[in-house]
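Chain residues, written in single-letter form:
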Amino acid sequence: MIIDHPLLGPRDAAEFTVLGDAALIHRPDGMAEGAEAAFHDYVYLRDNPAGLHRELWYHEQGDRSWLVVTRNTLTHEITEVALARDVARAEGRSR
Amino acid sequence: MRYSALKILAEGLTGNRGWKPVWRTPEPKAEYDVVIVGGGGHGLATAYYLAKEFGITNVAVLEKGWLGSGNIGRNTTIIRSNYLLEGNQPFYELSLKLWEGLEQDFNYNAMVSQRGVLNLAHSDAQRDAYARRGNAMILSGADAVLLDRAGVRKLAPFLDFENGRFPIQGGLWQPRGGTVRHDAVAWGFARGADSRGVDIIQNCEVTGFTMQGGACLGVETSRGAIRAKQVAVCVAGSSSRVMGLAGMRLPIESHVLQAFVSEGLKPVIPGVITFGAGHFYISQSDKGGLVFGGDIDGYNTYAQRGNLPVVEDVCEGGMAVMPMIGRARLLRMWGGVMDMSMDGSPFIDRTGIEGLYFNGGWCYGGFKATPASGFCYAHLLATGGPHDTAAAYRLDRFRRGAPIDEKGAGAQPNLH
């Protein structure tokens, strides 16, 4: 697979490590009501779709940036790549 | 029909006209006591043991494709019981004991071959860890032999003992481990279940569950609705998709594991050998092909194929431990989709929905578990309680803080 890095251009997926579902950006509030159940779901449960999947990839052998890669789990086709920082900001998760 | 040497002789003398199809092709009935979703190794084993051990024969096995078209036909055929943790090892030892008597039990040649499994150690620390693992195996009733360098050299003199980075220091050997003809396992269980009255229905995809008041009353399929007192899902690889139809989210991701077969060679590999410093395992089939594999690719996928970086990694592992295979040419490679769970261990449990049961999360170790998985799942369905050896495989174990994490990798499925 080739990941089209927003800053560096097309890079081999072998340069990256993959963490998993980009929903992991949305870490629950540990002080909120029902935090224990929310953390169980956050840490252990996954949507695991067959089709488009947004996931976190880390450019370990490159610029050490985190990316949100939208990839089809049936075909391995990558349709969108963005910096995780920008995605997190857009979704209200980062300063 | 019972298979025997006498039967072969008699058929040979009479033109082989008496052989019958190994199982029937029945139309689905409107209602069963148990509907098993998934006609792979585990589903067919479940049906077999339900009928044979628990006398429950009003059972259907529904298979979306053809029988055994999933991972029972895509694995590397290894059987072993060399786990460490209490929640796992007695279960896998039960499985190995069932493998040992399986062919006589279901009267079918599954080519169970106990040619031994050898895990190589490349450091003092790894040898210590193997000593501990070997003791855990022996405590569960399994066999384990800790080998020094000379012992390993006697078993496999062709290994690269003086490798500069990963010299071989010893190994853990399980003589009772080995390989099995994987397709024959599906066929044998199917034949055994069918002959006891179980309906095996192929080309029948489950498209939904019939729910009423929080209970599961049956399944919707591509061949109509089927009512059932118990619905037992057994579709590892696609567990999230199928259980999603019931509104459940699982502690599972789907990943691909690649496997490889070389051209046929004269016998060179005596049993199963695993590299301890990377991830590479190899055996040789009875046809002569070297059957080997390594790590999963690491990203979520439902495609039954992987990518080249892992191919390179697996082959590097092979070259590091046995350089003699470098000249062998690769004949075939393929991938299988597997349930990777959050602790690397499986589930055999009831769900929060009355009448709906779940078996999955087998990671890349489902094949060796086939008989015990079927046995314990049948036990759960028939008695309502888990089998002693599978009592830890509960869906709520993460909530209770009781994961069974052999590798200690945490809730990161692609690292198990």
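So, how was this worked out
Residues numbered from 1 in each chain as written. Chains lettered and ligands numbered in written order. Predicted model: local features only at pLDDT ≥ 70, side-chain atom pairs only at ≥ 80, totals over all residues. Heavy atoms only, no water. Helix = DSSP H or I, 4+ residues; strand = E, 2+ residues; numbered from the N terminus. Buried < 20%, exposed > 50% of the residue type's maximum accessible area, 1.4 Å probe, protein only. Contact = heavy atoms within 4.5 Å. Areas by Shrake-Rupley, 256 points an atom, 1.4 Å probe, with all protein chains shown as cover. Rg over C-alpha atoms; globule rule 2.2 N^0.38 Å. Patch = residues over 30% accessible without salt bridge, like charges linked within 9 Å, V, L, I, M, F, W, Y side chains within 5 Å. Salt bridge = Lys/Arg side-chain N within 4 Å of Asp/Glu carboxyl O. Pairing = 2+ DSSP bridges. Buried area = accessible area lost by both parts, 1.4 Å probe. Polar contact = N/O pair within 3.5 Å; in protein donor to acceptor, adjacent residues only side chain to side chain. Nonpolar A, V, L, I, M, F, W, Y, C, P; charged D, E, K, R; others polar. Lys, Arg positive; Asp, Glu negative; His and termini not counted. Phe/Tyr/Trp six-rings, centres within 6.5 Å; stacked < 30°, edge-to-face > 60°. Lys NZ or Arg CZ within 6 Å of the ring centre and 35° of its normal. Axes fitted to C-alpha atoms, helices over the stretch in contact; angles between N-to-C directions.

Caption draft 1: A look at the overall build of chain A. A tally of regular secondary structure across chain A gives 2 helices and 6 strands. Starting at the N terminus, the α and β elements of chain A follow one another as β-β-β-α-β-β-β-α. Buried positions account for 44% of the 95 residues belonging to chain A. Put simply, of all contacts in chain A between residues at least 6 apart along the chain, 47% involve residues at least 24 apart. A total accessible area of about 5300 Å² is found for chain A, and carbon and sulfur atoms account for 49% of it.

Caption draft 2: Highlighting the overall build of chain B. Secondary structure summary: chain B contains 9 helices and 18 strands in total. At 22 Å, chain B has a C-alpha radius of gyration in line with the 22 Å of a compact globule built from 416 residues. Oriented by its inertia axes, the alpha-carbon framework of chain B measures out at about 65 × 65 × 40 Å. A fraction of 74% describes how many contacts in chain B between residues 6 or more apart in sequence connect residues 24 or more apart. For chain B, the accessible area works out to roughly 16900 Å², and carbon and sulfur atoms hold 53% of it.

Caption draft 3: Examining a nonpolar patch on the surface more closely. Taken together, M1, I8 and W19 of chain B make up a surface patch of nonpolar side chains, about 310 Å² in accessible area. Looking at the element boundaries, M1 of chain B is found in the segment before α1 (5-13).

Caption draft 4: Layout of the pairing of strand β5 (residues 66-72) of chain A. Residue and element names in this part refer to chain A. The buried fraction of β5 amounts to 6 of the 7 residues, a majority that puts the element mostly inside the structure. The pairing of strand β4 (residues 52-58) with β5 spans 7 bridges and is antiparallel. In the strand pairing of β5, E55 is matched with V69. Relative to strand β6 (residues 78-83), β5 is paired through 5 bridges, and the arrangement is antiparallel. Following the sheet pairing, V69 is matched in β6 by V81.

Caption draft 5: Seen up close, the interface of chain B and chain A. Listed per partner, the contact involves 23 residues of chain B and 23 residues of chain A. In this assembly, chain B packs against chain A so that about 2200 Å² is buried in total across both faces, 49% of it on carbon and sulfur atoms. By the criterion of area lost to chain A, the three top residues of chain B are R249, N300 and Y302 of chain B, representing 28% of everything that side buries. Summed over the shared surface of chain B and chain A, the number is 2 salt bridges. The partner of D47 of chain A in a salt bridge is R249 of chain B, and the shortest N-O contact between them spans 2.7 Å. Here chain B is connected to chain A by 15 residue pairs in polar contact (both at pLDDT 80 or more). Of all the secondary-structure elements, those providing two or more residues to the side of chain B that touches chain A are α7 (239-244) and β12 (252-264) of chain B. Sorting elements by how many residues they give to the side of chain B that touches chain A places β12 of chain B first, with 3 residues. Taken together, the residues of the side of chain B that touches chain A sort by class into 10 nonpolar, 8 polar and 5 charged.

Caption draft 6: Molecular detail of the side chain of D297 of chain B. Its location among the elements puts D297 of chain B in the loop between β15 (289-296) and α8 (308-321). Although D297 of chain B is buried, it makes no salt bridge; R71 of chain A carries the closest opposite charge, 8.4 Å away. Here Q258 of chain B takes part through its side chain, which lies 2.9 Å from a polar atom of the side chain of D297 of chain B. At 2.7 Å, the side chain of D297 of chain B and the side chain of Y299 of chain B are in polar contact. Contact partners of D297 of chain B, with chain neighbours within four places excluded, come to V256, Q258, G306, N307 and V310 of chain B.

Caption draft 7: Looking closely at the packing of aromatic side chains. All names here are of chain B. Applying the stated rule across the entire model yields 26 aromatic pairs over all chains. Above the plane of the ring of W19 lies K7, whose end atom (NZ or CZ) is 5.8 Å from the centre. The ring of F161 is capped by R153, whose NZ or CZ atom sits 4.3 Å from the centre of that ring.

Caption draft 8: Representation of the sheet that holds strand β14 (residues 280-284) of chain B within the structure. Residue and element names in this part refer to chain B. On the basis of which strands lie adjacent, the open sheet formed by 8 strands has the order β5-β6-β4-β13-β14-β15-β12-β16 and mixed pairing. The two strands at the open ends of the sheet, each matched to only one other strand, are β5 (145-148) and β16 (330-341). Mean inter-strand twist for the sheet, computed between neighbouring axes without regard to direction, equals 20°. Where α8 meets the sheet, it contacts β4 (117-121), β12, β13 (272-275), β14, β15 and β16, and its direction lies at approximately 120° from that of β15.

Caption draft 9: Main features of the sheet that holds β4 of chain A. Residues and elements named next belong to chain A. Pairing is antiparallel across the open sheet formed by 4 strands, whose spatial order is β3-β4-β5-β6. The sheet terminates laterally at β3 (17-21) and β6, the two strands that pair on one side only. The sheet shows a mean angle of 30° between the axes of neighbouring strands, direction not considered.

Caption draft 10: Expanded view of the pattern of salt bridges. All names here are of chain B. Scanning the model with the defined rule gives 27 salt bridges over all chains in all. Residue R24 is joined to D194 by a salt bridge in which the shortest nitrogen-to-oxygen separation is 3.1 Å. Pair noted here: R24 is in the loop between α1 and β1 (31-37) and D194 is in helix α6 (residues 182-195), with a separation of 170 residues, a long-range link. Measuring nitrogen to oxygen at the nearest pair gives 2.7 Å for the salt bridge that ties E93 to K97. Of this pair, E93 and K97 both sit in helix α3 (residues 89-106), 4 residues apart, which is roughly one turn of that helix. A single network of salt bridges, built from pairs that share partners, joins E93, K97, E100, D143 and R176.

Caption draft 11: Focus on the pairing of β4 of chain B. Residue and element names in this part refer to chain B. For β4, the buried fraction is high: 5 of the 5 residues fall into the buried class. Burial along β4 is two-sided: the residues V117, N119 and A121 and L118 and L120 are all buried. In this sheet, strand β6 (residues 170-174) lies alongside β4 in antiparallel orientation, the contact comprising 5 bridges. Following the sheet pairing, V117 is matched in β6 by Q174. Note: β4 against β13, 3 bridges, orientation parallel. Each residue of the ladder has a partner; that of L118, found in β13, is I273.

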